[in-house]
Amino acid sequence: MSSSVYSRHRAAFAQALASALGVPAADIEPQVKPAEAAHGDLSFATFPLAKAQKKAPPAIAAGLAQTLSVPGLEIKAVGPYVNARFALMPFTAEVLDSARSAGLKYGGDADAGRGKTVTIDYSSPNIAKPIAFHHIRTTFLGHCIANIYRALGWRVEGINYLGDWGKQFGLVAVGFQEYGDPARIDDMDHLVEVYVKSNTRAEKEPEFDAKARDFFRRMEASDAEALKLWHQFRETSIRGFKAVYARMGIEFEHIEGESRYQGKMDAVIEQIAKKPGVKESQGALIVDLPYAENEPPILLKKNDGSTLYATRDLAAAEDRYERFHFDKSLYVVAQDQALHFRQVFRTLSEMGQPWADRCVHVPFGRIHGMSTRKGLVVQLNNVLDEAKERASVKVKENQEAGRLQTNDPDQLSEQIGLGAIAFGDLKHKRASDYTFDWDEVLSFEGHTGPYVQFAHARVVNVLRKGGGAPASYDASLLTLPEEQALVREIMRLPEVVKDAAEQYEPSLVARLLLDVAAALSRYYTLGNQERDKRILVENDDALRSARLALTDAARVTLAAGLTLLGIPTPENM
C-alpha cells in the first residue's frame, strides 16, 4: 500500500522509538503527535514512561534523543518531549515530487480502499418539487464524500434516492385536475405551482386532503391510471433535477427512489414478523421492540394500510446489500432524521442482518439566513443564478480596472458563483449550523471559495509568466521559512483526505485549502517586499526553477483539493 511522505516519516520515527524502548511499534504510533511548529514536526511525550523508569520525563527524553538516529529526521529533546523535524532534504523533494507526479490525483491512495464498496445515499429531493436550497448540504456533502472515497480507491455507488412515493403525489395529481394545464405536464415549474396550491388547500380543507390520500392508496394498489400520471410527474421532475446537477458537475451512479420498493415491502414485514416481531398499535403495524420512554414506535404501516419511510428504508437497505455487498452504507441526511436512522439500523440488527453495523447515518446541521434579492426564494437553481449574477459584477469591475483578463467572463462568473456557494457550505463542520451571508461567501478575501480559486489562478499565472513548471530543479535551495511552511501545508493533503474519509468530514479538505492559500499568499507577498525572494527571481536560474517547482506543487494541491470538493478551478481571476 502506498503511503504519504508524512506517514512514512512518522512511521520511521515511531519504529525507532519502539526499538529503543523495546516495545511494539503499534504501541508507540498512537502516541506520536504533531509538534508545535517552533519545536519540530513530530513529538513524543515521555510522561507515561516516568513511573516504570523511575526518572523525570525530561531526563528520559534527553536519553532517548541521544540514542535515536533516523534518516531524514533531526531529533532532539525539548523538556519532556522527544521531537523530530523533517530534514530539508530529502523531505522537500519528496513532498514536491509526490504532488507534482500525482497531479489531480494528489491526496488520494488507490490502494487504500481496493476491493471495498461504499454506497452513499445523498441529495434525494422529492419529485414534483424543485431542488431547494436546503438540499445543498446533503448534495455537496454527499458528492464530496463520494469523491474522497473514489480517490482512496473505493468502489462508490452514489444513490440519489428520490422521494417519489407518498401522499404528496396525490396532492399533485388531484391538484392537477383543478389547477393544471395538460399542455404543461412536462414543465417542472408548472408542477411546482400546482403542488403549492394543492398543499395550501389541503391544509385548509380536510376533504381535499382525503382525496390526495385516496390517490396515493390507488398508487399503492397499482391502479394503472394513477401510476401513468405519477410516472409522467416523475419523468418531468428527473429531467429538471438533472439540469441542476449538471450545472453543479454532479453525476450519480444510480437515480432511483422509494417507488423501487413498491410490492417488496410485504416481504420485509414478513421477515420482521419472524424476528424481532410486529404488533398492532392504535390500528397501525409497528416493530415489536422495547422502546425508551417517550420514544415513538417504528411504524411499518399506518392504520389505512399505507407504508412509511421506515418500511421503505428497511427494504432499500436489504436491496442495496444484495446488489452491492457493501463494506459501508452511508446516509447523508439531516440531523433531524437521527432517530429515524437509529431505529432503522436497530431493526436491521434485530432482524439478524450481519451487515447492519456497516450502515452509517452521516448527519448535518441547518443553514440559516438564506434569502435572495427576489425575496424568500429558496430554489437552489435560483440561488446559483444569483451567485453568478453577483460574481459577474465583480468580474466586470476587475476587467475594467485591468486586474483581470478573461475571454469568457460568463463562464468565469459561473465558476466563481458555484465555487462561492459550494465552499461557503463545505468549509463548515457538517454537524454545525451556519448562517448564510452573500457578502461573506462571495468575498475574494477571508475563508471563501473565491479566495481559494484566486490563489489557484494566481499560481497558474506565475507559472505562465515563468515559462511553465520546470522538469528538473534543486529542492535544497528552498530554505526560506515561508517556503518550508508552504511545503508542509502541501504535505498535509494525503493525511487530511484520509481523515476526511474516516470522519465523513469534507470541511477538513476545505480548511486545508485555506491554509495552503494563506501560506502561498505569505510567500508571494514576501517576494513583493524583497526582490531576491521573488518566485521569478532574476539572475539565478537554479533558484527560479526550484521556486517554480514549489509553486507548481501548490497549484496541484489547490486543484486536487478543489476537485475533491467539486469546485471549479479557473486559471484567470
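Note that this is a predicted model, so its numbers are computed, not measured.

Trainee: Please set out the overall build of the protein chain residue by residue, giving values where relevant.
Mentor: Within the protein chain one finds 21 helices and 14 strands. Each principal axis of the C-alpha distribution contributes one length, and for the protein chain these read about 80 × 70 × 35 Å. Considering the protein chain as a whole, with its 573 residues, one finds that 51% of them fall into the buried category. The contacts of the protein chain with a sequence gap of at least 6 include a subset with a gap of at least 24, amounting to 72%.

Trainee: An account of the packing of aromatic side chains is needed here, citing residue identities and associated values.
Mentor: Enumeration over the complete set of coordinates arrives at 18 aromatic pairs. Taking 6.3 Å as the distance between ring centres and 85° as the angle between the ring planes, the aromatic pair formed by Tyr6 and Phe86 counts as edge-to-face. Taken together, the positions of Tyr6 in helix H1 (residues 5-21) and Phe86 in strand S4 (residues 81-86) put the pair 80 residues apart, joining distant regions of the chain. Centre to centre, the rings of Tyr331 and Phe341 are 5.0 Å apart; their planes meet at 45°, and the pair counts as tilted. Of this pair, Tyr331 sits in strand S11 (residues 328-332) while Phe341 sits in helix H13 (residues 338-350); the two residues are ten residues apart in sequence, bridging distant segments of the chain. Phe341 carries the same exposure label as Tyr331, and that label is buried. Note that Arg320 overlies the ring of Tyr161, its terminal NZ or CZ placed 4.9 Å from the centroid. A cation sits over an aromatic face here: Arg458 above Tyr524, 4.1 Å from the ring centre.

Trainee: Any chance you could break down the sheet that holds strand S2 (residues 42-45) for me, citing the residues and the numbers?
Mentor: Judged by pairing direction, the sheet is antiparallel, and its four strands sit side by side in the order S1-S2-S4-S3 without closing on themselves. Both outer strands of the open sheet, strand S1 (32-34) and strand S3 (73-78), are each paired with one neighbouring strand and no more. Neighbour to neighbour, the strand axes of the sheet diverge by 30° on average, direction disregarded. The sheet contact formed by S3 and S4 spans six bridges and is antiparallel. Counterpart to Glu74 in the pairing with S4 is Arg85. Strand contacts of helix H4 (residues 57-67): S2, S3 and S4, with the helix running at about 160° to S3, the strand carrying the most contacts.

Trainee: I'd like a rundown of the environment of Val509, residues and numbers included.
Mentor: As for its position among the elements, Val509 is in helix H20 (residues 507-529). Residue classification places Val509 among the buried residues on the basis of a relative accessible area of 0%. Spatially, the C-alpha atoms of Val509 and Val378 are 27 Å apart, while their sequence positions differ by 131 residues. Ignoring sequence-local partners within four residues, the contact set of Val509 consists of Ile148, Val496, Ala500, Gly561 and Leu565.

Trainee: How would you summarise the pairing of strand S5 (residues 117-121) if you had to cite specific residues and measurements?
Mentor: Regular strands place side chains that alternate from one sheet face to the opposite one. The element S5 is largely enclosed, with a buried count of five among its five residues. For the segment spanning S5, helix H6 (residues 135-151) and strand S6 (residues 155-162), crossover handedness is right-handed. One ladder, built from four bridges, connects S5 with S11; its direction is parallel. Pairing of Val118 across the sheet is with Lys328, part of S11.

Trainee: I'd like a description of empty space enclosed by the protein, backed by residues and values.
Mentor: If you walk through the whole model with that rule in mind, you get one cavity of 30 Å³ or more. Together, Lys167, Arg213, Phe216, Arg217, Lys302, Asp304 and Ser306 line the largest cavity. Examining the composition of the lining of the largest cavity, we find that three residues originate from one element, helix H9 (residues 206-220), more than from any other. Its residues placed into classes, the lining of the largest cavity shows one nonpolar, one polar and five charged.

Trainee: Report on the sheet that holds strand S8 (residues 278-281), specifying residues and quantitative values.
Mentor: An order of S8-S9-S10 is seen for the three strands of this open sheet, with the pairing classed as antiparallel. Looking at the sheet topology across the chains shown, the edges are occupied by S8 and strand S10 (299-301). Across the sheet, the mean angle from the axis of one strand to that of its neighbour is 40°, orientation sign disregarded.

Trainee: Break down the pattern of salt bridges for me, with residues and values.
Mentor: Under the definition given, this model contains 37 salt bridges. Arg218 is the salt-bridge partner of Asp223, the closest N and O atoms lying 3.2 Å from each other. On the accessibility criterion, Arg218 (27% relative accessible area) is partly exposed. With a shortest N-O distance of 2.9 Å, Lys427 and Glu440 are connected by a salt bridge. Linking Lys427 in the loop between helix H15 (409-426) and strand S14 (434-435) with Glu440 in helix H16 (residues 438-441), this pair joins segments that are 13 residues apart in sequence. Residues joined by salt bridges that share partners form a network here, namely Glu256, Arg260, Asp319 and Arg323.

Conventions adopted
- Residues numbered from 1 in each chain as written.
- Predicted model: local features only at pLDDT ≥ 70, side-chain atom pairs only at ≥ 80, totals over all residues.
- Heavy atoms only, no water.
- Helix = DSSP H or I, 4+ residues; strand = E, 2+ residues; numbered from the N terminus.
- Buried < 20%, exposed > 50% of the residue type's maximum accessible area, 1.4 Å probe, protein only.
- Contact = heavy atoms within 4.5 Å.
- Phe/Tyr/Trp six-rings, centres within 6.5 Å; stacked < 30°, edge-to-face > 60°.
- Lys NZ or Arg CZ within 6 Å of the ring centre and 35° of its normal.
- Pairing = 2+ DSSP bridges.
- Axes fitted to C-alpha atoms, helices over the stretch in contact; angles between N-to-C directions.
- Right-handed = clockwise from strand over helix to strand, strands pointing away.
- 1 Å grid on protein atoms, 1.4 Å probe; cavity = no way out; pocket = protein on both sides within 12 Å on 5 of 7 lines; lining within 4 Å.
- Points joined across faces, edges and corners; volume = space filled by probe spheres on them.
- Nonpolar A, V, L, I, M, F, W, Y, C, P; charged D, E, K, R; others polar.
- Salt bridge = Lys/Arg side-chain N within 4 Å of Asp/Glu carboxyl O.

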